[in-house]
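Chain and residue survey
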Amino acid sequence: MTIPFNNPDRPNSYIGKTVPRPNAAKLVQGRGRYVDDIVLPRMLHVAFSRSTVAHAKIGTIDLEEAKAVKGVVRIFTGADLAEVCSPWVAVLAHLKGLKSPPQHPLAVDRACWVGEPVVAVVATTRAAAEEAASMVIVDFEELPAVTDTMTALDKDAPVIHPDLGDNLAFRRLHEAGDVDAAFETAHKVVSASFRTARHTGVTLEPRSILVDWNPAEGQMTAYHATQAPHMMQTVFAKHLDIPESRVRVICGDVGGSYGIKVHVYPDEVATAAMAKVMGRPIKFIADRLESYTTDIHARDHEIEAKIAVDADGKILAMDVDDWTGIGPYSVYPRTSAIEGNQVVNLCGGPYDFANYRAQTSVVFQNKTPTCQYRAVGHPIAVAITEGLVDMAAAAIGMDPVEIRRRNMYADDAYPATSPANMKFESLSHHASMDKLTEMMDYDALRADQTEARKQGKYRGIGIASFIELTNPSPFMYGIGGARISAQDGCTVRMDPDGSVVALSGVTEQGQGTEAMLSQVVAEGVGVDPSNVRVITGDTQVTPYGGGTWASRGAGIGGEAALQAARALRASILEVAAAMLQADAGRLDIRDGQVVDMDSGEERMPLAELGRIVYFRGDTLPKDLPRELVQTRHFITMEYPFAFTNGVQASYLEVDTDTGVVTLLKHWCVEDCGRVINPQLVDEQIRGGIVQGLGGALYEEIHYDEDGQLLNGSMADYLVPMAAEMPDMQVGHVETPTKESELGAKGAGEAGTAGAPAAVMNAINDALRPLGAQVTEMPFTPERILRALGKLQD
Amino acid sequence: MKASAGGYARAESVRHALDLLAGSDGQGRVLAGGQSLVAAMNMRLSVGDLLVDISKISELSGIAVEGDTLRIGALTRHAQVGTDPQVQAHAPLLKDAVAHIAHAAIRNRGTIGGALAHADPAAEFPACTLALGATMHAEGPDGSRSIAVEDFFEEVFTTALNEDEILTGITLPIAEAGEMQILEEVARRSGDYALVGLCLAKRAAGHRVALFSVGPKPVLAMGAMAALDAGDLDAAVDALSAEIDPPSDTQASAAYRRHLGGVLLRRAVARLKGDAA
Ligand SMILES: Cc1cc2nc3c(=O)[nH]c(=O)nc-3n(C[C@H](O)[C@H](O)[C@H](O)COP(=O)(O)OP(=O)(O)OC[C@H]3O[C@@H](n4cnc5c(N)ncnc54)[C@H](O)[C@@H]3O)c2cc1C
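Residues numbered from 1 in each chain as written. Chains lettered and ligands numbered in written order. Predicted model: local features only at pLDDT ≥ 70, side-chain atom pairs only at ≥ 80, totals over all residues. Heavy atoms only, no water.

An unreviewed UniProt entry lists chain B under the name Carbon-monoxide dehydrogenase medium subunit, with Cribrihabitans marinus given as the organism.

Chain A appears in an unreviewed UniProt entry as Xanthine dehydrogenase, molybdenum binding subunit apoprotein from Cribrihabitans marinus.

Listed below in structure tokens is the structure:
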């Protein structure tokens, strides 16, 4: 039996409705359990002494003063930990040519970025550990640092890892069609340079881990704020030489992750290694200041790009030259080449054109390592593409909505393969654009813009179409050799009282995964969502799975949950049919009752069925299966990724005297397939947009030329805050994927993907009458005034 | 990070606080609202302080009109300054400033004395007191003294207060009939310290212009004031840009700040005219 999703009045119709989040009350009452809330007997704390210079040979390390601090139990250096923890190398076989040196939990001979952990101090309190860490004296013999991306490959640039030969970590060139010919003959060619600033994720809860080694059991338990518990299980096992089965990773409540918590951090592995050596639980909670130099950074790209169009605005070709600096190491195990690779994969995404060339050059430098952060590569690719499309529209005097309509894949053109070789199952660019222009009342907004201009106000409208990569298959990491699971599983069981427990391999980071699972299981079995308890984040308890990344929770984890729930329903009905001497096919479960399918007449509460199965099983036929626990796994097979699509719009005003941008309103229409929980999807979109707006207007990590990070605090690294955020209107088009019964694709990154481009285009729309244009993010007041030529140095 | 304080004592009175400071071997540090000091301690920018908590000394709090001056106690919270009718009537600049200072939670704890003693060059109150010609009142082991605002701010985070002194309050001339006070600033986000801010007071005797976030301390723009008195706005903008030497940092360059000073001056003067009309 399939679920008639289109009938909102069907029984148990929880999928598609906003249901309360099962963990919300707990969190708002302060009853959550984050890693830092956990206190174990004999627990110690660790603080790290970190490199204060960007590149240096590590000379003598003087620990005398530090050891004397009251409360200090033990101090470890890189050499100490190298004996108990093997180094890792972050490469993937399918990213051809990617190279990276071995990385240790604590720097051994050389420190390669400001913030790299060098010495670990374990003490009875965090305060004592910090105090002692501040007294560790490391003789840093400074080496020349590489800080600029664009000159990192120059002949005279110092090579950070001489064994690797040069500073090139990865390069990929993709070419389709005859790009040069298309540019030569084009009606119009527009080129531009773009820059996206270095960001970091700024999770509300910082990175946190508490590791306990129990020598009696030979088992390690890591309480870890992570997106991928099973991946971390493998990492700890492999590098600390413990059988994988003897590593248990428990991930309770997590205060936001955004991709920050899906990577292997040297200080976290060091914590595990030291816990094993000492046989005592050790806790590491990154503080806000060290987060800035150690949480992964992202988005530090410089791009030259051009687009060719014909007189009708048809895109003929795109050519993109992307450069990014990733710090001194590719980050384990997902690698730091993915972001550049995504730029190559995603540029031009919404548009049906033939000639495409894109190259990414990924270089080493002495800054904090970069890696995957929410919407990996998307905001960059969308900014390049949508920036160029808008410039082309202006160059031929065409409306920005019109030029997009002329180029977007037709809604009936699927399946389609993009010039970047991305495979689209079914997208809805035109339906989304129609809905967007209607929601924002595009024509009225243009009129308002004209009216405002008469009063000397510079308002702009920016549109950004996008595609978003979700529900990844093993094509993302698995084929490259990483033990990162693309499949996911769910176990659903019915207990004697008729309530249901679901155990899932996807994880809850605060985004509402558990709410989504509870309603999918509730509908699949036929009980109220409040009667479903969800358990995630425990490698010894849940089915094996990938966790949270690439917007996969609902699409992959949700489908596994649905199939497990349907299987449990079938098992329950098989028992019920025997008890009621009825045909299982004529029975249904609704609101915790076995009912007659046609009449809806109640036949038996699930609690009664549970009582018989668990306590009076003797009354049931001997050969009747009574497996009230079912597990199903799901993996996508037909498409490497489930692409989603959408379009955003920004309306804003630029103060041309101060350069300050005021966001007036923001719209997003997106198509994530089946919307399981409208409120959760809307909040994902809104939260994502806010992060995108941060990138457009505020967020930028500054380094000086020596590799010193200049603005590593909440006072200086500006994140978007409520007062500046515009009203956001979110709309949906639903094109379910046919790969699953649920039909859900991901929604976690769409907001972040499109918002920066929408803002950039809106600013440039506002500035166009003044002949100014900005393409370097964030669009600070100063950059805008410089573009306007109003500053004299 | 974990703060590392050298000790803590709550003062019962100004006398008691001064004794505590005197007995602290130079390690004493007045704790008022804690909104700058505790943040600095939590970043280990300040360690080993012997905290002398003055926040419960009621005599240091409150607002009163005394003849033609307005007295504001050092411990008066930003939130109170922002809502007090006497401040509104006699020093509206201070009330306007509060709307730009940080966020509600911080305004509920931060004190005007703390903000002045802290002397952050990007803070609003120091420049406001400069524009209004306030007098600072301090008490030390040898008794009390008054310091003209022009002599009070010396450097980044440095004032004329001695280590063993406490700022007890400020007095300001109450606004004349017809006096106008205007505050203009640009900050990256609401509640952030200003990229540049400007206070303008127009009195019968002439204009007073003070800027913040343009140097190591708030600046009285004498050249701009003279040009405004002469009725020449363009000259005032030119003079302003010559008499400030703003810093460059990750938020803005000196050139941007200098430009902004001129923009804010024009905006403030436009508001003067608009309101007068
Ligand atoms: C997130 C944030 C944003 C902020 N934004 C702004 C802003 O936009 N504009 C702005 O102006 N301020 C801002 N502030 C600072 C705020 O206004 C503080 O309240 C103020 O700077 C200090 O006042 P306090 O009473 O908290 O002083 P404390 O933090 O207690 O003390 C600050 C310093 O002054 C000394 N001190 C305090 N009182 C006295 C006294 N009576 N006599 C002698 N010395 C004394 C202390 O010893 C210490 O050195 C912000 C603060 C935060 C945390």
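**Regarding the overall build of chain A**
Spelled out, the test is: Put simply, DSSP marks the helices as runs of H or I at least four residues long and the strands as runs of E at least two long, and each gets a number from the N terminus on. We call a residue buried when its accessible area falls under 20% of the maximum for its residue type, exposed when it is over 50%, and partly exposed in between, using a 1.4 Å probe and counting protein chains only. Contact between two residues is taken to exist if any of their heavy atoms lie within 4.5 Å; hydrogens are not considered. Neither His nor the chain termini are counted; the positive set is Lys and Arg, and the negative set is Asp and Glu. Think of each charge as sitting on NZ of Lys, CZ of Arg, CG of Asp or CD of Glu.
A tally of regular secondary structure across chain A gives 19 helices and 30 strands. With 793 residues in all, chain A has 65% of them scored as buried. At a minimum sequence separation of 6, the contacts of chain A that also span at least 24 residues come to 79%. Both charge centroids of chain A, one from 71 positive and one from 104 negative side chains, sit 4 Å from each other.

**Considering the side chain of D390(A)**
Mapped onto the secondary structure, D390(A) falls in helix 10 (residues 378-395). Residues within four places of D390(A) in sequence aside, it is in contact with P400(A), R404(A), N761(A) and R768(A).

**Some remarks on the site of the ligand**
Residue and element names in this part refer to chain B. Let me state the cut-off plainly: Consider each residue's heavy atoms; a residue with any of them within 4 Å of a molecule or strand counts as near. A 3.5 Å cut-off defines polar contacts: any pair of N or O atoms within that distance qualifies, except that in protein one atom must be a possible hydrogen donor and the other a possible acceptor, and neighbouring residues in sequence count only when both atoms are side-chain atoms. Here, Shrake-Rupley sampling with a 1.4 Å probe gives the accessible areas, and only protein chains in the shown set may cover a residue. All amino acids are sorted into three groups, where Ala, Val, Leu, Ile, Met, Phe, Trp, Tyr, Cys and Pro are nonpolar, Asp, Glu, Lys and Arg are charged, and the leftover types, Gly among them, are polar.
For the ligand, the set of nearby residues contains 30 residues, the closest of which are R29, V30, G34, L37 and T111. Within the side chain of R29, one N or O atom sits 2.5 Å away from an oxygen atom of the ligand. Bound to the protein, the ligand loses 88% of the 970 Å² it would expose on its own. Residue assignment for the shell around the ligand shows that the elements contributing at least two residues are strand 2 (28-31), helix 7 (112-118) and strand 10 (166-173). Residue contributions to the shell around the ligand peak at four residues, all from helix 7. Its residues assigned to classes, the shell around the ligand shows 16 nonpolar, eleven polar and three charged.

**Describing empty space enclosed by the protein**
Residue and element names in this part refer to chain A. What counts here: The way it works is a 1 Å grid over only the protein atoms, where trapped points that fit a 1.4 Å probe form a cavity and open points with protein on both sides within 12 Å along at least five of seven lines form a pocket, and then any residue with an atom within 4 Å of a point lines it. Grid points are joined across faces, edges and corners, and a volume is the space filled by probe spheres set on the points.
Per the stated rule, a full pass over the model turns up nine cavities of 30 Å³ or more. A volume near 100 Å³ is recorded for the largest cavity. If you trace the largest cavity, you find 13 residues lining it, with Q103, V264, P266, V331 and P369 closest to the centre. Counted by class, the lining of the largest cavity contains ten nonpolar, three polar and no charged residues. Its volume calculated, the second largest cavity comes out at about 60 Å³. For the second largest cavity, the full set of lining residues is T196, A197, H199, R299, P379, Q691, G692, G695, T752, P756 and M777. Looking at the lining of the second largest cavity, the elements that each hand over two or more residues are helix 17 (678-697) and helix 18 (750-767). Examining the composition of the lining of the second largest cavity, we find that three residues originate from one element, helix 17, more than from any other. A per-class count over the lining of the second largest cavity returns four nonpolar, six polar and one charged.

**Remarks on the domain arrangement of chain B**
Residue and element names in this part refer to chain B. Convention followed: These domain limits were set by an automatic method or by a database of domain assignments. Summed over both partners, buried area is the accessible surface (1.4 Å probe) that two parts give up on being assembled.
Here chain B is described as being made up of domain 1 (7-53), domain 2 (58-173) and domain 3 (180-272). Taking only C-alpha atoms into account, the centre of domain 2 sits 20 Å from that of domain 3. Contacts between the two partners involve 27 residues from domain 2, matched on the other side by 23 residues from domain 3. In total, about 2,000 Å² of surface goes out of reach between domain 2 and domain 3, with carbon and sulfur atoms giving 60% of it. For the domain 2 face of the interface with domain 3, the top three residues by lost area are P121, L130 and A131, together amounting to 24%.

**Quick notes on unusual backbone geometry**
Residue and element names in this part refer to chain A. Put simply, Y414 and P415 share a cis peptide bond, and its omega is 0 degrees. Residue placement: P415 occurs in the loop between helix 11 (400-407) and strand 18 (416-417). Cis geometry is adopted by the peptide bond preceding P778, which originates at M777 and carries an omega value of -10 degrees. Mapped onto the fold, P778 is located in the loop between helix 18 and helix 19 (781-787).

**Let's talk about the packing of aromatic side chains**
Residue and element names in this part refer to chain A. Our working definition: Only rings of Phe, Tyr and Trp enter the pairing, Trp through its six-membered ring, and a pair is recorded when the two centres are within 6.5 Å. The plane angle decides the type: under 30 degrees is stacked, over 60 is edge-to-face, the rest tilted. Here, a charge over a ring is recorded when the distance from Lys NZ or Arg CZ to the ring centre is within 6 Å and its angle to the ring normal is within 35 degrees.
Scanning the entire structure with this criterion turns up ten aromatic pairs over all chains. Plain terms: the ring middles of Y409 and Y414 are 6.2 Å apart, the flat faces sit at 45 degrees to each other, and that makes the pair tilted. Of the two residues, Y409 and Y414, neither departs from the other in class, the shared state being buried. Over the face of the ring belonging to W549 we find R334, whose NZ or CZ atom lies 4.7 Å from the ring centre.

**Side note on the UniProt feature "domain: FAD-binding PCMH-type" (unreviewed entry) in chain B**
As a reminder, the rule being used: UniProt positions are given in the numbering used here, feature names are shortened, and annotations may be inferred rather than shown by experiment.
According to UniProt, the positions carrying the feature "domain: FAD-binding PCMH-type" (unreviewed entry) are residues 1-177 of chain B. Across residues 1-177 of chain B one finds 34% helix and 26% strand; the C-alpha atoms that close the span lie 51 Å apart.

**Concerning the sheet that holds strand 2 (residues 56-62) of chain A**
Residue and element names in this part refer to chain A. Note the following rule: A pair of strands is considered paired only if DSSP assigns at least 2 bridges between the two.
Spatially, the three strands line up as an open sheet ordered 4-2-6, and their pairing is antiparallel. At either end of the open sheet lies a strand with only one pairing partner, and these are strand 4 (110-111) and strand 6 (137-142). Pairing of strand 2 with strand 6, which is carried by five bridges, proceeds in the antiparallel orientation. Residue pairing across strands places A56 opposite E142, the latter belonging to strand 6.

**With respect to the pairing of strand 12 (residues 247-250) of chain A**
All names here are of chain A. Inclusion rule: The path from the first strand over the helix to the second decides the hand: if it runs clockwise while the strands point away from the viewer, the crossover is right-handed.
Pairing of strand 11 (residues 219-224) with strand 12, which is carried by four bridges, proceeds in the parallel orientation. Each bridged residue has a counterpart across the sheet, and for Y223 the counterpart in strand 12 is I250. As for the winding sense of the linkage, the β-α-β connection from strand 11 through helix 6 (residues 229-240) to strand 12 is right-handed.

**Topic: the interface of chain A and chain B**
Where we set the bar: The rule for a salt bridge is simple: a side-chain nitrogen of Lys or Arg has to be within 4 Å of a carboxyl oxygen of Asp or Glu.
Facing 33 residues of chain A, the contacting portion of chain B comprises 21 residues. A buried area of about 2,200 Å², summed over both sides, lies between chain A and chain B, and 56% of it is on carbon and sulfur atoms. For the pair chain A and chain B, the interface holds four salt bridges. One salt bridge connects R267(B) with D657(A), and the closest N-O pair in it is separated by 3.4 Å. On inspection of chain A and its partner chain B, the count reaches 15 residue pairs in polar contact (both at pLDDT 80 or more). For the side of chain A that touches chain B, the secondary-structure elements that each account for two or more residues are helix 4 (126-133) and helix 19 of chain A. Its residues assigned to classes, the side of chain A that touches chain B shows 15 nonpolar, six polar and twelve charged.

**Some thoughts on the pattern of salt bridges**
Residue and element names in this part refer to chain A. Following the criterion strictly, the structure yields 59 salt bridges over all chains and no others. Of the charged contacts, one joins R357 and D319 as a salt bridge, the two residues approaching to 2.9 Å between their closest N and O atoms. Residue R357 is located in strand 17 (residues 355-363), and its partner D319 is located in strand 16 (residues 315-325); the two are separated by 38 residues in the primary sequence. With a shortest N-O distance of 2.7 Å, R552 and D488 are connected by a salt bridge. Of this pair, R552 sits in the loop between strand 23 (532-536) and helix 15 (553-580) while D488 sits in strand 21 (residues 488-494); the two residues are 64 residues apart in sequence, bridging distant segments of the chain.

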